[in-house]
Amino acid sequence: MIIVIIKGQCRMKKKNNKVDDDFNVENVVDNQNQYVNQLDDYVDILKDQIEMSESKVNALQGEMEQAQEHVNRLRNELSQKEGILDEEMQKQLRMIEEQTRQEMLKNQANTNINGVPVQNPGVNTTDGIHVDIKGVNATGVKMTTYSYEVLNQQGQKIKGQIDGTSTAEVKTFLENEGFQVIRIDAMKGIMNAQIGGSPRLKMSQLAFILTQLSTYLKAGIPLIDSVRILQRQSVKPAQKKVFSNITYQLYKGESFSNALASQGNTFPKLLINMVKTAEMTGDLPEILDDMTEYYTAIDRTRKQAISAMAYPTIIFVFAICVMTFILVYVIPEFQGIFVANGAKLPKITTVILSISKFFTSNGLIILMALVLLLATYVICFKYSKGFKKAMQTVYMHIPVIKNIIIYKEVTQFTKTFASLLNHNVFITDSMAILETVSQNEVYKEIINDSLNNLAKGAKLSDSFRDKWAFPVVAYEMLVTGENTGRLPMMMEYVSNYYNDLYTNAIKRVNTFIEPVMIIMLAFMVGVVVLSVIIPMFSFYGQIM
């Protein structure tokens, strides 16, 4: 009985344990099903996000394709417009070239060429810049010089002068500059002509002004404000007036080149034309830097010549003064002594006494004749081209100084020509500018011949062939530049080469002239001393 009960209890325990195990398994299965359902939901969410991202990517790709199509369309339109513009520019250039060539042929007799050049080997004329040599002038409006007195912002009185068209315009300009106008008076007649004259700037001053102006422009300062700075720092009234006039012209809307040209002879024609070129190309600071180097080199060359000739010139002037003093004041005293004592005079003493008597009796006439001769020479040299050319030709054939003159002119010609070509100025315009820059009539004639030959369609080098004033080396380099298309570079080489020759020639001449002048001075003084000492010995012998 007990055994039966125990067995029944065991069966009941096994049944309960089985029920518990089944219950735990079901719980685990339910939990796993819930986790799987959560993973499915998460996967669905990720799929939705991926689909949304793919749609956004597709939309962005579509927008990029549209943008690329728009860019391609704009590029095609720009290319078409550039092609049309190039065709129009080429047509205009051909029309201008044809019109100018016809004008050249009409004006060939007057040799007044201002158009674009014909095609020449070594020079790219289609990409050049035409500078109207006649057009770079003042506005043509009659200007009157006004003196003014104003108060600045600090209450200080400032007096000055300015060239203007009317009192009202000058007053408006001064008020716009921040001044309070006290008075403005127009200067008329002789005072207007004298005070309103244009001062000349030294090469060193011009180079420094151009350096400052280029620096201000590179710093982002407007052109008119840069000129105002130059005006404020100017000490000389004439120079201050020049910059005031330029500021006034710029204020009225004139171009910078016209503002410079309106100042008369203050600024060189080469600089005015180069500024005109810069206004077309938009590289004013670069051209100002080039002009600074150009005028610095010219000034350095000029100072070398002056310093080399200073010492011989001083010795020569000193010798003339000494000889004049001896002949006029010393020799007459000895003449009285010789005559009073009846001394026998040698031939050399007689000649010196005759010369002394001539200078003493006709000193004023001789001085007036020398002044008149010098004045006549200066006037003829300045206003007579024929006389100037003849004298320059004579100077250029003197053995000692001919090389100095030729080297100097060739250096200036090639240096200026290279600068113009490097800034894409047309070759005929370059030659016309060179004709105004050169002060030597021999080279002006050569340049004038080159303008005539260019008008006929000939090469530039044809005008310089077999010219005695243009060295063979320079001519061959010119021909090489034409044939190779590197004319600006060849002209720079020629300029550097002949600049070195010019410097060495000056040193050689200086080395040669110094001892010659000393020997000449010693000879002149020695002759005078002998003319006095020899009679003194004769007189001493008579006494003994």
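Preceding block: the structure.
In this text, all values refer to a predicted model and were calculated from it rather than measured experimentally.

Moving on to the overall build of the protein chain. Helix and strand counts for the protein chain stand at 17 helices and three strands. Here the analysis covers contacts within the protein chain between residues at least 6 apart in sequence; of these, 64% occur between residues at least 24 apart. Total accessible area on the protein chain stands at roughly 32,900 Å², and carbon and sulfur atoms take up 60% of it.

Here the focus is the nonpolar core. Grouped together as the largest cluster of nonpolar side chains are 76 residues, with contacts concentrated most on Ile246, Phe417 and Met431. Take this core: its biggest share by element is 11 residues, from helix 17 (residues 487–543). Non-local contacts of Met431, meaning those with residues more than four positions away in its chain, are made with Phe413, Phe417, Ile447, Ser450, Leu451, Leu454, Leu460 and Phe464. Formed by nine residues, the second largest nonpolar core is a distinct cluster that contains Ile162, Leu174, Ile184 and Tyr248.

Even without glycine at this site, Asp466 takes up a positive phi of about 60 degrees. Along the chain, Asp466 falls in the loop between helix 15 (441–455) and helix 16 (472–484). On the accessibility criterion, Asp466 (74% relative accessible area) is exposed.

Scanning the model with the defined rule gives 13 aromatic pairs in all. Seen from their ring centres, Phe358 and Phe359 are 6.1 Å apart, and the 80 degrees between their planes marks the pair as edge-to-face. The class for Phe359 is partly exposed, based on a relative accessible area of 32%. What links up through ring pairs into an aromatic cluster is the set Phe413, Phe417, Phe464 and Phe470.

Moving on, we get to the pairing of strand 2 (residues 157–164). Within a regular strand, the side chains alternate between the two sheet faces. Sheet topology places strand 1 (residues 144–151) next to strand 2; eight bridges connect them, and they run antiparallel. Bridging across to strand 2, Leu151 finds its partner in Lys157. Hairpin connection of strand 1 to strand 2: five residues between the antiparallel strands, including Gly155 at a positive phi of 85 degrees.

When the terminal C-alpha atoms of helix 13 (residues 402–422) are compared, their 30 Å separation across 21 residues agrees well with the 30 Å that a helix rising 1.5 Å per residue should span. Across the 21 residues of helix 13, 15 count as buried, placing the element largely inside the fold. Looking one or two residues past helix 13, Asn424 carries a phi angle of roughly 65 degrees, positive in sign.

Before going further, it helps to examine the environment of Tyr497. Within the element layout of this structure, Tyr497 appears in helix 17. Separated by 87 residues in sequence, Tyr497 and Val410 place their C-alpha atoms 10.0 Å apart.

This brings us to the side chain of Gln239. Residue placement: Gln239 occurs in helix 6 (residues 237–251). Among residues more than four places away in sequence, those in contact with Gln239 are Leu201, Ile209 and Ser234.

The three strands are arranged 2-1-3 in an open sheet whose pairing can be described as antiparallel. Strands at the two margins of the open sheet, each flanked by one partner only, are strand 2 and strand 3 (180–186). Averaged over neighbouring strand pairs, the angle between their axes works out to 25 degrees when direction is ignored. Here strand 1 runs beside strand 3; their pairing, made up of six bridges, is antiparallel. Bridging from a neighbouring strand, Ser147 pairs with Asp185 of strand 3. Sitting on the sheet, helix 2 (residues 167–176) touches strand 1, strand 2 and strand 3, and the angle it makes with strand 3 is about 150 degrees. Packing against the sheet, helix 6 makes contact with strand 1 and strand 2, and its axis sits at approximately 60 degrees to strand 2.

Our focus in this paragraph is the side chain of Thr292. Position of Thr292 relative to the elements: it lies in helix 9 (residues 284–341). By relative accessible area, which is 11% here, Thr292 ends up buried. Within the local environment of Thr292, its side chain forms a polar contact with the backbone oxygen of Leu288, the two atoms lying 2.8 Å apart. Those residues within four positions of Thr292 in sequence are excluded, and the remaining contacts are Ala207, Leu210 and Thr211.

Calculation rules
Residues numbered from 1 in each chain as written. Predicted model: local features only at pLDDT ≥ 70, side-chain atom pairs only at ≥ 80, totals over all residues. Heavy atoms only, no water. Helix = DSSP H or I, 4+ residues; strand = E, 2+ residues; numbered from the N terminus. Contact = heavy atoms within 4.5 Å. Areas by Shrake-Rupley, 256 points an atom, 1.4 Å probe, with all protein chains shown as cover. Core = buried A, V, L, I, M, F, W, Y, C linked by side-chain atoms within 4.5 Å. Buried < 20%, exposed > 50% of the residue type's maximum accessible area, 1.4 Å probe, protein only. Phe/Tyr/Trp six-rings, centres within 6.5 Å; stacked < 30°, edge-to-face > 60°. Pairing = 2+ DSSP bridges. Expected span 1.5 Å × (residues − 1). Axes fitted to C-alpha atoms, helices over the stretch in contact; angles between N-to-C directions. Polar contact = N/O pair within 3.5 Å; in protein donor to acceptor, adjacent residues only side chain to side chain.

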